[in-house]
Amino acid sequence: MKNILYFDLETQKSAEDVGGWNHISRMGMSVGVTYSTASGDYKIYGEEKVDELIKDLQRADLIVGFNHLRFDYEVLHGYTTLDLRQLPALDMMLELQNKLQHRLSLDAIATATFGVEKIAEGMQAIQWYQKGRLMEVAEYCCYDVKLTRLVHEYGLQHRELHYHNRFGKKLTVPVNW
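Residues numbered from 1 in each chain as written. Predicted model: local features only at pLDDT ≥ 70, side-chain atom pairs only at ≥ 80, totals over all residues. Heavy atoms only, no water.

Visitor: Help me understand the overall build of the chain in this model?
Guide: What the chain contains, in helices and strands, is six helices and seven strands. Since a compact globule built from 177 residues should have a radius of gyration of about 16 Å, the 16 Å found for the chain is in line with a globular shape. Principal axes of the C-alpha set define a box for the chain whose edges measure 40 × 40 × 30 Å. Across the 177 residues of the chain, 49% fall into the buried class. (Helix = DSSP H or I, 4+ residues; strand = E, 2+ residues; numbered from the N terminus. Rg over C-alpha atoms; globule rule 2.2 N^0.38 Å. Buried < 20%, exposed > 50% of the residue type's maximum accessible area, 1.4 Å probe, protein only.)

The structure is reproduced here in structure tokens:
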């Protein structure tokens, strides 16, 4: 059975805290989450388990995420000399951006496709981390991984996703993954 690993992480610091978006590797991981199709389980990694997360990513047949090539991997590059971009990956945000010539958020797709919204946003997760509320960070990150999985599976099954444009009109984009 192919092991698809759905993946997301949250950070300890914002871009502003580390001197801008050119320093993503300095943001630090607060919590990482994966869902494995081989085991059918979610796995939560605190910063102390970042090496285990990297090993699990290396073992996957495919890593599916949303902006993980440009963001999540860059955060992890603060912990490893490996070039994680060499791993087999599907970054749904990049795929959609290449097709539409603009970026969509995971929330925009999930809302239009399923009628469900994210439960928080990344800046809120940073605040929770800074207050020591790691369970809330983990719950939020797990929910994002679940949405990522649902979006990917919907795209596989229906060969399309939905989103609302800036005027509120529901549009469809074909996908080929």
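Visitor: Could you clarify how one ought to interpret the environment of Gln124 in this entry?
Guide: Considering the arrangement of structural elements, one finds Gln124 in helix α5 (residues 122-130). In this structure the C-alpha to C-alpha distance between Gln124 and His162, which are 38 residues apart in sequence, comes to 26 Å.

Visitor: Any chance you could explain the pattern of salt bridges here in plain terms?
Guide: Side chains that differ in charge, positive against negative, can pair when their charged atoms come close. The final tally for this structure, using the stated rule, is seven salt bridges. Where Asp56 meets Arg59, a salt bridge forms, and the shortest distance between an N and an O atom there is 2.5 Å. In this pair, Asp56 and Arg59 both sit in helix α1 (residues 50-59), three residues apart, roughly one turn of the helix. Overall, Arg59 belongs to the exposed group, its relative accessible area being 57%. Between Glu153 and Arg149 there is a salt bridge whose closest N-O contact spans 3.2 Å. Note that Glu153 and Arg149 are positioned in helix α6 (residues 134-158) at a spacing of four residues, about one turn of the helix. Look at Glu153 and you get partly exposed, because its relative accessible area is 31%. (Salt bridge = Lys/Arg side-chain N within 4 Å of Asp/Glu carboxyl O.)

Visitor: Whenever I open this one, unusual backbone geometry confuses me. Can you help?
Guide: Trans is the common state for peptide bonds, and a negative phi is the common state for residues other than glycine. With a phi close to 70°, Asn67 is a non-glycine residue in the positive phi region. Secondary-structure assignment places Asn67 in the loop between β4 (62-65) and α2 (68-76). On the basis of relative accessibility, which here comes to 16%, the residue Asn67 falls in the buried class. In this structure, Gln101 takes a positive phi of about 70° despite not being glycine. The exposure class assigned to Gln101 is exposed, which follows from its relative accessible area of 65%.

Visitor: Looking at this structure, how should I read the state of the cysteines?
Guide: Working definition: the covalent bond between the sulfur atoms of two cysteines is a disulfide. Scanning the entire structure with this criterion turns up zero disulfides. The thiol of Cys142 is not disulfide-bonded; the next cysteine sulfur, from Cys141, is found 6.5 Å away. The exposure class assigned to Cys142 is buried, which follows from its relative accessible area of 18%. (Disulfide = S-S within 2.5 Å.)

Visitor: For this particular structure, what's the right way to read the nonpolar core?
Guide: In globular proteins that are soluble, nonpolar side chains generally tend to be buried together. Membership of the largest hydrophobic core comes to 35 residues, with the highest contact counts inside it found for Val64, Phe66, Met92, Leu96, Ile109 and Leu161. Of all the elements in the fold, those that place two or more residues in this core are β1 (4-11), β2 (29-36), β4, α3 (92-100), α4 (106-114), α5, α6 and β6 (160-164). Counting residues per element, this core draws most heavily on α6, which supplies nine residues. Leaving out residues up to four positions away in the same chain, Ile109 has contacts with Phe66, Leu96, Leu104, Phe114, Val151, Leu161 and His162. Of all hydrophobic cores here, the second largest spans 21 residues; its members include Phe7, Ile24, Leu53 and Ile54. (Core = buried A, V, L, I, M, F, W, Y, C linked by side-chain atoms within 4.5 Å. Contact = heavy atoms within 4.5 Å.)

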